[in-house]
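Topology and contacts: notes
This is what each chain is made of:
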Amino acid sequence: MELEWFVYLSLILFSIGILGVLTQKTAIRILFSVELILNSANINFVAFNSYLQSTTSGTVIDQYMGWVFAMVVIALAAAEAAVGLAIFISLYRNFREIVVANIYELAESEEDE
Amino acid sequence: MVEFFDFFFVINALFIVFSGLGVLFAKRVMQSALSLIFTLVGVANVFLLVNSEYLWVIQVSVYGGGIAVLLLFAGRLTSNEEDHFSFDRSDFLISFLFVLLILANLFVFISKSIPSQRGNIYTTDNGQLLLRQFFTNIWQANQGLGVILPFIALMFLAALLASVKLAIKEDE
């Protein structure tokens, strides 16, 4: 199987993610789209790792560097999802919605005080 | 000449692209989250096709399990749309196509992960070899991971503290 196929698949997934980031209204769907973008990056990491493994002979760490970076991306996505959930809950408590166009101030709303 | 796994790469790619579009164009947030889980599992199948079984396990358990549940909670806790669940004919067609793609995907990773040999699969040399290769891969990848593990740990600590600080409700 050729490397280009994986790169094209990653490109399509990345485009879908960018389309989502630019067009979606609620914050949670924008977060979903960001996850799509991260996954497209992961496909590239793993595909290139497999390709380089079959063509070159480096040290062990060189041969598995793509996997390691993919795991870093997965960990990053986990942390991002946790912080995102906290931000959404905080926003929802103040605004009763998470439509990003309607949220233009980050301070606490004044009725609460 | 189109090989067996090339064919399934195309099916898996279709699965990823359609479920990725489903994330954007689904009507409700929950359907969108379900499409996202399908996309993540499809990406995990890509990892399996390039012989990264370890990442496949990580992707399905961490991404398809943990992060997906977090996102489902985020969707449920922040959406004020009412769910009157209705299921019309176009929904049925889309669901049917999706189930076909899911079945094709399941067929891929069954045919990929179980060594195709007749007889008892637990005792064949091929099975043992596959398992040994799997654990060797995990060990070698962990050697690389050990270099950056402290940074990941620090990042998780920062994320944990930040999310606790953000989500906790202060008493007046």
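Residues numbered from 1 in each chain as written. Chains lettered and ligands numbered in written order. Predicted model: local features only at pLDDT ≥ 70, side-chain atom pairs only at ≥ 80, totals over all residues.

When you go through chain B residue by residue, the secondary structure sums to 5 helices and 0 strands. Relative to its 172 residues, chain B shows a buried fraction of 26%. Within chain B, contacts between residues separated by at least 24 positions form 53% of all contacts whose residues are at least 6 apart in sequence. (Helix = DSSP H or I, 4+ residues; strand = E, 2+ residues; numbered from the N terminus. Buried ≥ 20, exposed ≤ 12 C-beta atoms within 10 Å, placed from the backbone. Contact = placed C-beta atoms within 7 Å.)

The accessible area lost on association of the parts is a frequent measure of interface size. Counting from both sides, the interface comprises 51 residues of chain B and, opposite them, 49 residues of chain A. Going through the elements one at a time, helix H1 (4–25), helix H2 (29–49), helix H3 (53–78) and helix H5 (125–167) of chain B are the ones with two or more residues in the side of chain B that touches chain A. Here the residues of the side of chain B that touches chain A are counted per class, giving 36 nonpolar, 14 polar and 1 charged. (Nonpolar A, V, L, I, M, F, W, Y, C, P; charged D, E, K, R; others polar.)

Moving on to the packing of helix H1 (residues 3–23) of chain A against helix H2 (residues 27–55) of chain A. In a pair of packed helices, the angle between the axes and the distance between the axes together describe the arrangement. Residues and elements named next belong to chain A. With their axes 8 Å apart at the nearest point, H1 and H2 run at an angle of 165° to one another. By the angle class used here, H1 and H2 are roughly antiparallel. Crossing hand, H1 versus H2: left-handed. Along the lines of polarity and charge, the residues of the contact of H1 with H2 split into 17 nonpolar, 7 polar and 1 charged. (Axes fitted to C-alpha atoms, helices over the stretch in contact; angles between N-to-C directions. Parallel < 35°, antiparallel > 145°, perpendicular 65-115°, else oblique. Left-handed = near helix turned anticlockwise from the far one by under 90°.)

What follows concerns the environment of B:Met30. Take B:Met30: it is sitting in helix H2. Placed 16 residues apart in sequence, B:Met30 and B:Val46 show a C-alpha to C-alpha distance of 25 Å.

On to H1(A), then. Residues and elements named next belong to chain A. Given a rise of 1.5 Å per residue, 21 residues ought to cover 30 Å, and the 31 Å separating the end C-alpha atoms of H1 matches this to within 8%. Within the sequence span of H1, burial applies to Phe6, Leu9, Ser10, Leu13, Ile16, Gly17 and Gly20. In an axial view of H1, the angular spread of the buried residues amounts to 120°, which keeps them on one side of the axis. Opposite the buried face of H1, by more than 90 degrees, sit the exposed residues Glu4, Tyr8, Leu22 and Thr23. (Expected span 1.5 Å × (residues − 1). Arc of directions from axis to C-beta.)

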